[in-house]
Amino acid sequence: MLKTHADRVISTFAVNFDALVGAEARIGSAAEVIQSRLKAPHWGLGPCKYVFRDIVHRMFLVIDYRSIVVQNLGAEHWIQNLDDHLTMIKDGLKKLGVERVKRIGFHTAAFLPLGMSHAEIVDLMFGSYLMPATDFPELCGKPEDTMIQLHGEYDKMKAQVDVVPMTSEQAVQGFLANPN
């Protein structure tokens, strides 16, 4: 899915760790290591953090005293350069003095064109993913919209999948509401 719809994806990769005493003094060195690889044309310094933006590859990276976060609009650049990105993040963590990672997360939102109206998608979900719409009147009247959230485990990683029908206008608004 990520490869076939790479231009319709927002992905966020995050590495979280416990705040380290003295990390604010090492953030600059870690940011320097990251920038030597990333070569982002736009960057800024905030309180205890650096923000890098690569508008050509539609990517930004934030490093602070608790995390390194990379967000991509589209998945192609992230997928094609995955080893380089992970090495860059690992080197940044070393420069910060991080010995133990608390959490690693990867979130992907894919806006897939189905060629159906919002009402058609909602109707399709009732009776397939959900009970028939006729079973819901006592709970919510006539259902107008749905959202399905699935939780599970895949390759020893926790996974959550949200299935949310939306119109193309809603998808555009959702995509453009992203600060990247």
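Being a predicted model, the structure only gives us computed values, none of them experimental.

Kindly report on the sheet that holds strand E3 (residues 49-54), identifying the contributing residues and their values.
Strand order across the open sheet formed by six strands is E2-E3-E4-E5-E1-E6, with antiparallel pairing between neighbours. Two strands in the sheet have a free side with no partner beyond their single neighbour: strand E2 (42-46) and strand E6 (103-110). Averaged over all adjacent pairs, the angle separating strand axes in this sheet is 10 degrees, with direction ignored. As paired strands, strand E1 (residues 9-16) and E6 are joined by eight bridges and run antiparallel to one another. Along E6, the bridge assignment pairs Ile10 with Ala109. Against the sheet, helix H3 (residues 82-96) contacts E1, strand E4 (59-64) and strand E5 (67-73), and its axis sits at roughly 15 degrees relative to E4.

Explain the packing of aromatic side chains to me, using residue names and the numbers behind them.
Any aromatic ring pair is given by two values, namely how distant the centres are and how the planes are angled relative to each other. Scanning all chains against the criterion turns up four aromatic pairs. Consider the rings of Phe13 and Trp78, whose centres lie 5.4 Å apart with planes at 40 degrees: the pair is tilted. Taken together, the residues Phe13 in strand E1 and Trp78 in helix H2 (residues 76-80) connect sequence positions 65 residues apart. Trp78 gets classed as buried once you look at its relative accessible area, which sits at 5%. Members of the aromatic cluster, connected to one another through ring pairs, are Trp43, Tyr50 and Phe52.

Residues and numbers for a nonpolar patch on the surface, please.
Together, Leu112, Leu114, Met116 and Leu124 give the surface a local cluster of nonpolar side chains, amounting to about 370 Å² of exposed area. Take Leu112: it is sitting in the loop between E6 and helix H4 (118-125).

I'd love a proper account of the nonpolar core, names of residues and values included.
Core analysis: the biggest nonpolar cluster contains 22 residues, and Ile34, Leu38, Phe52, Leu61, Ile63 and Ile89 have the highest contact counts within it. Within the residue set of this core, elements represented by two or more residues are E1, helix H1 (23-38), E3, E4, E5 and H3. When residues in this core are grouped by element, the largest group, five residues, is from H1. When sequence neighbours within four positions are dropped, the list of residues in contact with Phe52 reads Ala31, Ile34, Gln35, Leu38, Ala40, His42, Trp43, Met59, Phe60, Leu61 and Ile63.

For H1, give the residues involved together with the corresponding values.
Residues that lie three or four places apart on an α-helix share one face, since the helix turns once every 3.6 residues. The terminal C-alpha atoms of H1, which comprises 16 residues, lie 21 Å apart, in line with the 22 Å expected from a rise of 1.5 Å per residue. For H1, the full list of buried residues reads Ala23, Ile27, Ala30, Ala31, Val33, Ile34 and Leu38. Taken from the residues just after H1, Lys39 is the one with a positive phi, measuring 50 degrees.

With reference to specific residues and values, describe the pairing of E2.
Alignment of E2 against E3, held across five bridges, turns out to be antiparallel. If you follow His42 over to E3, its bridge partner there is Arg53. Counted along the chain from E2 to the antiparallel partner E3, the turn is two residues long, and its residue Cys48 has a positive phi close to 60 degrees.

Explain the environment of Val62 residue by residue, including any values.
Mapping Val62 onto the fold places it in strand E4. Sequence separation between Val62 and Ala14 is 48 residues; the distance between their C-alpha atoms is 9.5 Å. Contact partners of Val62, with chain neighbours within four places excluded, come to Lys49, Tyr50, Val51, Ser67, Ile68 and Val69.

Please give an account of the side chain of Thr146 that cites residues and values.
As for its position among the elements, Thr146 is in the loop between helix H5 (137-140) and strand E7 (148-154). According to the relative accessible area criterion, Thr146 is buried, its value standing at 9%. Excluding its chain neighbours within four sequence positions, the residues that come into contact with Thr146 are Val122, Met125, Phe126, Leu130, Val164 and Pro165.

An account of the side chain of Asn72 is requested, with residue identities and associated values reported.
Within the secondary structure layout, Asn72 lies in strand E5. A relative accessible area of 1% places Asn72 in the buried class.

Provide a residue-level description of the pairing of E3, including the pertinent values.
By the alternation rule, side chains of E3 split into Tyr50, Phe52 and Asp54, which are all buried, and Lys49, Val51 and Arg53, of which none is buried. In the sheet, E3 pairs with E4 via six bridges, with the strands oriented antiparallel. The partner of Val51 across the bridge, within E4, is Val62. Taking the residues between adjacent antiparallel strands as the criterion, E3 and E4 are bridged by four residues, where Arg58 takes a positive phi near 50 degrees.

Cut-off values and rules
- Residues numbered from 1 in each chain as written.
- Predicted model: local features only at pLDDT ≥ 70, side-chain atom pairs only at ≥ 80, totals over all residues.
- Heavy atoms only, no water.
- Pairing = 2+ DSSP bridges.
- Helix = DSSP H or I, 4+ residues; strand = E, 2+ residues; numbered from the N terminus.
- Axes fitted to C-alpha atoms, helices over the stretch in contact; angles between N-to-C directions.
- Contact = heavy atoms within 4.5 Å.
- Phe/Tyr/Trp six-rings, centres within 6.5 Å; stacked < 30°, edge-to-face > 60°.
- Buried < 20%, exposed > 50% of the residue type's maximum accessible area, 1.4 Å probe, protein only.
- Patch = residues over 30% accessible without salt bridge, like charges linked within 9 Å, V, L, I, M, F, W, Y side chains within 5 Å.
- Areas by Shrake-Rupley, 256 points an atom, 1.4 Å probe, with all protein chains shown as cover.
- Salt bridge = Lys/Arg side-chain N within 4 Å of Asp/Glu carboxyl O.
- Core = buried A, V, L, I, M, F, W, Y, C linked by side-chain atoms within 4.5 Å.
- Expected span 1.5 Å × (residues − 1).

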